[in-house]
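Coordinate inspection notes
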Amino acid sequence: MQTPENIIVIGAGIVGVSTAYELALRGAAVTLIEAREGAGLGTSYANGGQLSACEVAPWAGPEVPGLILKWLGRDDAPFRLRPKLDPDQWLWLLRFLARCRTSARRERIPHNLELALLTRARLAAYREQFAAAGQPLEFEQRQRGILRIFRDRHAFADAVEETKLMARLGVEQEPLTPAQCIGIEPALGSAMQRGDIAGGLYSRTDSSGDAHLYSVALAEGAKRLGVRFVTTSTATGIATEGARARGVTTAEGTIEADAVVVAAGTGSAALLKPLGIRSYIYPLKGYSVTLPAPDANAPEVSITDEERKIVISRLGDRLRAAGQAEVGGYDLTLEKPRAEAVLRAIEALFPQVGPRTDEALFWCGLRPMTPDGSPVIGAAAPFSNLFINSGHGTLGWTLGAGSGAALADLICGSAPQSDLSPFSISRF
Ligand SMILES: Cc1cc2nc3c(=O)[nH]c(=O)nc-3n(C[C@H](O)[C@H](O)[C@H](O)COP(=O)(O)OP(=O)(O)OC[C@H]3O[C@@H](n4cnc5c(N)ncnc54)[C@H](O)[C@@H]3O)c2cc1C
């Protein structure tokens, strides 16, 4: 395919901004269309903040059907199903349940990990590019690693087993005793005394930060490279001619393009459906709570509490906890009991946050989730110049920059940094 000159990217979340930035680096003229007022205001706004190569395993696993049943009917359940009269939901769910096997879960790890490691490399390159432009890339990044803690001994043993595969692929996780966990993160002291920690896995090379700040900074970098931002403008459709995308329609008219990338998160399915393309991307609603870090004994290391199913990251002088998964459609209503469940989880782990919990800010967002836990990246057949970069689910930040770089290589015909065939939409 000839390198397109004029490319439209739809969606200015982590994934769309990364794609636009990478395309511009390769010399393309890029227009980014975003429904909101700026970058990173969708699901990329207040996520868990982890850049977690150590946690790229899909959520679908053998334990999940049992957990769904165990939590059935509970308002604050970490995983909740809200049945809808929507065939897309049922199709997604059936495919998700079919993936709840150890072999299916492990099959995806190498593919996701490759993108996570490419993301790390791209972030290092962005830092240099930003520094050279005299604008350091700042997003409250903390390079103190990620510590996964386990209360259940069997879950810990299973996870240790999985680390062997990850280690062969380049990501080491050190198994730790409870006392060693406290050595890494002393703020977990009271959790250990209560017997909340049976063991931990420490990934030294992972990091955390503020995904919204990152999206905004990368968008500024993209603008410096010439990317044109059309904000507060919803793409209402993709204009096609035969087997080619001609441009993108908005309320203001059609913007012509040589190629179009759909990176609209949970908005992607609606854009692709009229073209006869099923995206297999369905929303999985999650919650976060952001509150001031305690004055004393505040955690520094990003934590994943595998029992409570929450992640906690230190963002400057704030703490962010995120969790919850609800398969219940596109509704973005913030349900207090679910948001408060995340707050209670962080309080249980770090009681020292107590005095400032009344300052907590609650948020919810929709993870664009595929059934198998890997994104869809690549061409959208039968259209030769229409591409998808979406469906990053629980891992949008961890995989975002790598996805953008890999897709930009494909579109611009550059030497590929990654094999995209495992992410093709045709796998479903
Ligand atoms: C509670 C929670 C915690 C999370 N924690 C982590 C974490 O710790 N680490 C991690 O890696 N990932 C995490 N994630 C996942 C990650 O946040 C997402 O995968 C990522 O934000 C998705 O990015 P995106 O660019 O695909 O989507 P979005 O950020 O939603 O961006 C899509 C953009 O497209 C725009 N758009 C949609 N439709 C249209 C249209 N028709 N026209 C124009 N614009 C449109 C939207 O306005 C939006 O700005 C978490 C998610 C949640 C909900």
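About the criteria used
Residues numbered from 1 in each chain as written. Predicted model: local features only at pLDDT ≥ 70, side-chain atom pairs only at ≥ 80, totals over all residues. Heavy atoms only, no water. Buried < 20%, exposed > 50% of the residue type's maximum accessible area, 1.4 Å probe, protein only. Helix = DSSP H or I, 4+ residues; strand = E, 2+ residues; numbered from the N terminus. Pairing = 2+ DSSP bridges. Axes fitted to C-alpha atoms, helices over the stretch in contact; angles between N-to-C directions. Contact = heavy atoms within 4.5 Å. Expected span 1.5 Å × (residues − 1). Near = heavy atom within 4 Å. Polar contact = N/O pair within 3.5 Å; in protein donor to acceptor, adjacent residues only side chain to side chain. Areas by Shrake-Rupley, 256 points an atom, 1.4 Å probe, with all protein chains shown as cover. Nonpolar A, V, L, I, M, F, W, Y, C, P; charged D, E, K, R; others polar. Domains from an automatic or database assignment. Phe/Tyr/Trp six-rings, centres within 6.5 Å; stacked < 30°, edge-to-face > 60°. Lys NZ or Arg CZ within 6 Å of the ring centre and 35° of its normal.

1. Things to note about the pairing of strand β20 (residues 386-390)
In terms of burial, β20 is largely enclosed, as five of its five residues are buried. Residue alternation in β20 divides its side chains into two sets, Leu 386, Ile 388 and Ser 390 and Phe 387 and Asn 389, and both sets are buried. In this sheet, β20 lies alongside strand β13 (residues 259-262) in parallel orientation, the contact comprising three bridges. Counted as the bridge partner of Val 262 is Ile 388 from β20.

2. Digging into unusual backbone geometry
Residue Pro 382 is reached from Ala 381 by a cis peptide bond, and omega for that bond is 10 degrees. Along the chain, Pro 382 falls in the loop between β19 (376-379) and β20. Although it is not a glycine, Glu 140 adopts a positive phi angle of roughly 55 degrees. Here Glu 140 is to be found in the loop between α4 (102-132) and β5 (146-150). Classification of Glu 140 by relative accessible area gives partly exposed; the value is 34%.

3. A look at the sheet that holds β19
The mixed open sheet is built from six strands, whose spatial order is β9-β2-β1-β13-β20-β19. What marks the edges here is a single partner per strand, and that holds for β9 (228-230) and β19. Strand-to-strand twist across the sheet, computed as the mean angle between neighbouring axes with direction ignored, equals 20 degrees. The strands that helix α1 (residues 14-25) touches are β1 (6-10), β2 (29-33), β13 and β20; relative to β2, the one it contacts most, it runs at about 165 degrees. Sitting on the sheet, helix α11 (residues 396-412) is in contact with β1, β13, β19 and β20, with an inclination near 170 degrees to β20.

4. Examining α1
The end-to-end C-alpha separation of α1 is 16 Å, in line with the 16 Å expected for twelve residues at 1.5 Å each. Of all twelve residues in α1, eleven are buried, a share of seventy percent or more. Ile 14, Val 15, Gly 16, Val 17, Ser 18, Thr 19, Ala 20, Tyr 21, Glu 22, Leu 23 and Ala 24 are the residues of α1 that are buried. Gly 27 lies just past α1 and shows a positive phi near 95 degrees.

5. Some thoughts on the environment of Pro 368
For Pro 368, the position within the fold is in strand β18 (residues 361-369). Apart from the residues within four sequence positions on either side, Pro 368 is in contact with Gly 265, Thr 266, Ile 281, Tyr 282, Gly 391, His 392 and Gly 393.

6. Quick notes on the sheet that holds strand β12 (residues 253-256)
One open sheet holds the three strands; their spatial order is β10-β11-β12, and the pairing between them is antiparallel. One side of each edge strand has no neighbouring strand; the edge strands of this open sheet are β10 (235-241) and β12. Geometrically, the sheet is characterised by an average inter-axis angle of 35 degrees between neighbouring strands, direction not taken into account. One ladder, built from four bridges, connects strand β11 (residues 244-250) with β12; its direction is antiparallel. Within β12, the residue paired with Thr 250 across the bridge is Gly 253.

7. Section: the site of the ligand
Neighbouring the ligand are 37 residues, the closest being Glu 34, Ser 44, Gln 50, Ala 235 and Gly 393. Here an oxygen atom of the ligand and a backbone polar atom of Thr 43 are 3.0 Å apart. Contact distances for the ligand include 3.0 Å between an oxygen atom and a side-chain N or O atom of Asn 47. Burial of the ligand by the protein amounts to 94% of the accessible area it has alone, namely 1000 Å². Secondary-structure elements contributing two or more residues to the shell around the ligand are α1, β14 (282-292), β18 and α11. Sorting elements by how many residues they give to the shell around the ligand places α11 first, with three residues. The residue inventory of the shell around the ligand, partitioned by class, reads 14 nonpolar, 20 polar and three charged. A domain split of the shell around the ligand shows at least three residues from each of domain 1 (6-44 + 213-279 + 373-427) and domain 2 (54-100 + 141-207 + 282-369).

8. Comments concerning the packing of aromatic side chains
Within this structure, the stated rule accounts for eleven aromatic pairs. Taken together, a centroid distance of 6.1 Å and an interplanar angle of 20 degrees make the contact between Phe 79 and Phe 96 stacked. Taken together, the residues span a long stretch of sequence, with Phe 79 in strand β4 (residues 79-81) and Phe 96 in helix α3 (residues 87-98) at a distance of 17 residues. The class of Phe 79 is buried, set by a relative accessible area of 10%. Among the residues examined, Phe 96 registers a relative accessible area of 2% and is labelled buried. An angle of 70 degrees between the planes, with centres 6.1 Å apart, marks the rings of Tyr 282 and Tyr 330 as edge-to-face. Of this pair, Tyr 282 sits in strand β14 while Tyr 330 sits in the loop between β17 (318-327) and α10 (336-349), and the two are 48 residues apart along the sequence. On the basis of relative accessibility, which here comes to 41%, the residue Tyr 330 falls in the partly exposed class. An aromatic cluster is present here, built from Phe 79, Trp 92, Phe 96, Tyr 282 and Tyr 330 joined pairwise through their rings. The ring of Phe 229 carries Lys 223 above its face, with NZ or CZ at 5.0 Å from the centroid. Over the ring of Phe 130 we find Arg 224, and its NZ or CZ is 4.8 Å from the ring centre.

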